[in-house]
Structure formats: structure tokens, C-alpha cells
Amino acid sequence: MSVPLRHNGCDTLLLGFDFELRQRGFAGNACQIILTLSKTVDPARLEQRVAELMRQHPVLHARPARGLNLKPLWKPTRVTPRVRVHTEISGLAEKLFNEPLDLRRGELIRFDLIGRTLIFTWAHALMDAKSAEYFLALAGDDQLTAPEPGTDWYEQRARKAKHFRARVRQGWRALERLDQFKKALPISLATRRPPTAPTMTYKIFALSAADTARVGENSRWLCGFLGDTNFHLAVTLVELHRLHERTGCASASYVVPIPIGLRPKGTRAPLFSNQLTMMLHQFFPGQLETTAQAAANKTQRADCVRGEDIDSSITLAHLFRALPLRPYMRLIKQALRGEICSLFF
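Residues numbered from 1 in each chain as written. Predicted model: local features only at pLDDT ≥ 70, side-chain atom pairs only at ≥ 80, totals over all residues. Heavy atoms only, no water.

**Q** Explain the overall build of the protein chain to me, using residue names and the numbers behind them.
**A** Within the protein chain, the secondary structure is distributed over twelve helices and nine strands. Looking at the protein chain residue by residue over its 345 residues, the buried ones come to 45%. For the protein chain, the accessible area works out to roughly 18900 Å², and carbon and sulfur atoms hold 56% of it. (Helix = DSSP H or I, 4+ residues; strand = E, 2+ residues; numbered from the N terminus. Buried < 20%, exposed > 50% of the residue type's maximum accessible area, 1.4 Å probe, protein only. Areas by Shrake-Rupley, 256 points an atom, 1.4 Å probe, with all protein chains shown as cover.)

Following this line, the structure appears as C-alpha cells:
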């Protein structure tokens, strides 16, 4: 980074979710990919390759900070990549999943080796799952190179309304949209802070190539080409609704933040921090009886893109991104009377 890489609105929102989860005692807003490799990996070679990528992309070892004008940015640190090698097998993966990343020191990625199993953990504020898959490909093949940085489309969209007064009006439009959610407030499964730090329990499923092909075929049938994210979201929402019903915790709606779009190729950060913005969407129980019903609500997202909602959301994120995380999250929770969202996907 020749110049400081400032937070976009999505960065700030994701860091806010991480802050809230840590306040509740969880490991934070981290993601994991588990790979079962055909042969063992040389930890020293992997560390060397990751160090090369960090030199090319300093944001991989940056920490959230503030500049002289108090605007939030990513500040590079001197964190040295390390691949941790473990001999213990039983219950280790679950233990690693509950171990937080140290974002304050710039630990945005982590590698753990258990025999031929590689666990890659990263902060969701850094990149999405597709970018994480590509990053693993970069780490495993030194012949691959990441795209060159280009212009920042996010900044261009955020400044569509040039005058401050016009930007405030545009941001107010996004707040009015959030106010509509109050008519059917979501209720989470755990509305009170747990007395002790909880431990998440994980179930890991390995799908065969045939299973994966069948899931892909279903996603294309329901959601069209490149609709796999919408398909998995629909499946997860249906299961969440059924869980609410089984536990007797009825909710009038479910609110989910969804990426509205990715930065196109050639932007400043095509691989990392590449989500354009995230918008809250509201789903009702009657829309979640089947996966097909849930997937059909992609029209709600299309309406947002066609209208002014996407620009209003980006403008609102820009106006609020300079706030410290604690008051920032209070503003978000105020819109939903204490809730953040029903599900973060």
C-alpha cells in the first residue's frame, strides 16, 4: 500500500460485527476453509510463499487504525506469517474454530496444519469466500499472480451525490428503509448476553464430487448461473426458520445483511476487501417454507440494484464509517431495537 487504504463502508460494518461478537464472548467474525490435501505440506515453504504475498499486498497484515484526520484505515504492521503444526487430532479443529484472530496486531489470516489437513482462517472484513479460495490457490502455486490494483469503484459510487447536503438526504433514504423493518421486528434465539464465554460446536461434513455436482445443479435450477450464494443463503434461512419453530421462539421476520455486489475486475483491491457494500434484507416466515420460496426473493435484491437503494446504502456507510465501533454498533442496533441481524451469511 503506497498510500493508506481507507475503510469502505463494508469494512466498517464487518469490523462492527466482529466487535459485537467479541463483546458476547465469541471468537469473532472469522471464516474457515478446511482442505484435505493429497500430500503433506512443507510448513517453511508455505510460510515463505505467504510472506511473498504479504509483501505484494500489505493489507494482508494490516490492522484497523485511524489517520490524522480520524478517518479509519488499514495500517500495515510487521506481523510475520507462521504456519502452526499440530500433532493432536481429536477435537482440535473445533478448538481452533473458537480461537479468535488478533486483529489489533494485524493477524487477519492464519494457517494450521494437522497431518494432511490444512485449516485456513481469515477475518471476514478482509475478503469474501471466493477471494479466500483464490488466495489459497495463490499460496499453493507461485506461478499465479494476483490482479494489479486499479481504480476504486467504491469511492466513485459513494461520491455520486457530490454536495454534502445531497449525500445526507441520500443517506436518510437508507435510514427510512431500515425503519420499515420495525413493523415486523426480528427476534434472535439468544436475546440476553450469556453469563460465560460460549464455545461453538461444529459439525464438519465432507461432500463427494457427486454430492457437490448435485448441489451445484440445484443451485443453478433455482437461482440461475452464478446464483450459488443465493442458493446457500436460501437453504440456511429455511433451516434457521425451522430452528425458531422447533425451539418455540417465533420471529415476525428475519433480517440478513447480504453483499449487494463485488468490485469489478481492475479496481484498487480486486482480491482483498472487495465487497462493494452490504444491505440488510428482511424475510418473512411465509417466504421461508421451502428453499424455492426463499430463493425467489432474489427479486428483492434486484429491485435494490435497479433503484437508488444501493447508492443510498453506500452513502450512509460513508457518512458513518468514521464513528468508533461502539457508537456505530449502537446506531445499527437501535434501528432493530437491540438486534444486529438474524443471520450473518
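**Q** Can you break down the pairing of strand E5 (residues 83-86) residue by residue, with the values?
**A** Each regular strand displays side chains that alternate between the two surfaces of the sheet. One ladder, built from four bridges, connects E5 with strand E6 (residues 109-114); its direction is parallel. By the bridge assignment for E6, Arg 84 is matched with Asp 112. Read as a crossover between parallel neighbours, the route from E5 over helix H3 (residues 92-97) to E6 is right-handed. (Pairing = 2+ DSSP bridges. Right-handed = clockwise from strand over helix to strand, strands pointing away.)

**Q** Residue-level account of the side chain of Ser 253, with values.
**A** Here Ser 253 shows up in the loop between helix H8 (228-246) and strand E8 (254-262). Among the polar contacts made by the side chain of Ser 253, one reaches the side chain of Gln 282 at a distance of 3.0 Å. (Polar contact = N/O pair within 3.5 Å; in protein donor to acceptor, adjacent residues only side chain to side chain.)

**Q** Give me the lowdown on the pairing of strand E3 (residues 62-66), citing residues and values where you can.
**A** Alignment of E3 against strand E4 (residues 72-76), held across five bridges, turns out to be antiparallel. Paired with Arg 63 across the two strands is Lys 75, which belongs to E4. Hairpin geometry of E3 and E4 is characterised by an intervening segment of five residues between the two adjacent antiparallel strands and by a positive phi of about 70° at Leu 70.

**Q** So, the packing of helix H1 (residues 9-23) against helix H12 (residues 325-335): which residues are in play, and what are the values?
**A** Look at H1 against H12: their axes get within 10 Å of each other, and the N-to-C directions meet at 90°. Here H12 runs roughly perpendicular to H1, going by the angle between their axes. Across the interface between the two elements, Gly 9, Thr 12, Leu 13, Leu 15, Gly 16, Phe 17, Phe 19, Glu 20 and Gln 23 of H1 pack against Leu 325, Arg 326, Tyr 328, Met 329, Ile 332 and Lys 333 of H12. Of the residues that constitute the contact of H1 with H12, the class distribution is eight nonpolar, four polar and three charged. (Axes fitted to C-alpha atoms, helices over the stretch in contact; angles between N-to-C directions. Parallel < 35°, antiparallel > 145°, perpendicular 65-115°, else oblique. Contact = heavy atoms within 4.5 Å. Nonpolar A, V, L, I, M, F, W, Y, C, P; charged D, E, K, R; others polar.)

**Q** Any details on the sheet that holds strand E1 (residues 5-6)? Residues and values, ideally.
**A** Pairing in this open sheet of three strands is antiparallel, and the strands run E1-E4-E3 from one edge to the other. At either end of the open sheet lies a strand with only one pairing partner, and these are E1 and E3.

**Q** Got a sec to walk through the side chain of His 244? Specific residues and values, please.
**A** You can see His 244 is positioned in helix H8. Classification of His 244 as buried rests on a relative accessible area of 3%. Among the polar contacts made by the side chain of His 244, one reaches the main-chain carbonyl oxygen of Cys 249 at a distance of 2.7 Å. With near-sequence residues (within four places) excluded, His 244 lies in contact with Ile 187, Ser 188, Leu 189, Cys 249, Ala 250, Ser 251 and Tyr 254.

**Q** Before we move on, could you go through a nonpolar patch on the surface and cite the residues and values that matter?
**A** A cluster of nonpolar side chains, namely Ile 34, Met 200, Tyr 202 and Ile 204, defines an oily patch on the protein surface of about 340 Å² accessible area. Its place among the elements puts Met 200 in the loop between helix H6 (164-180) and helix H7 (209-223). (Patch = residues over 30% accessible without salt bridge, like charges linked within 9 Å, V, L, I, M, F, W, Y side chains within 5 Å. Salt bridge = Lys/Arg side-chain N within 4 Å of Asp/Glu carboxyl O.)

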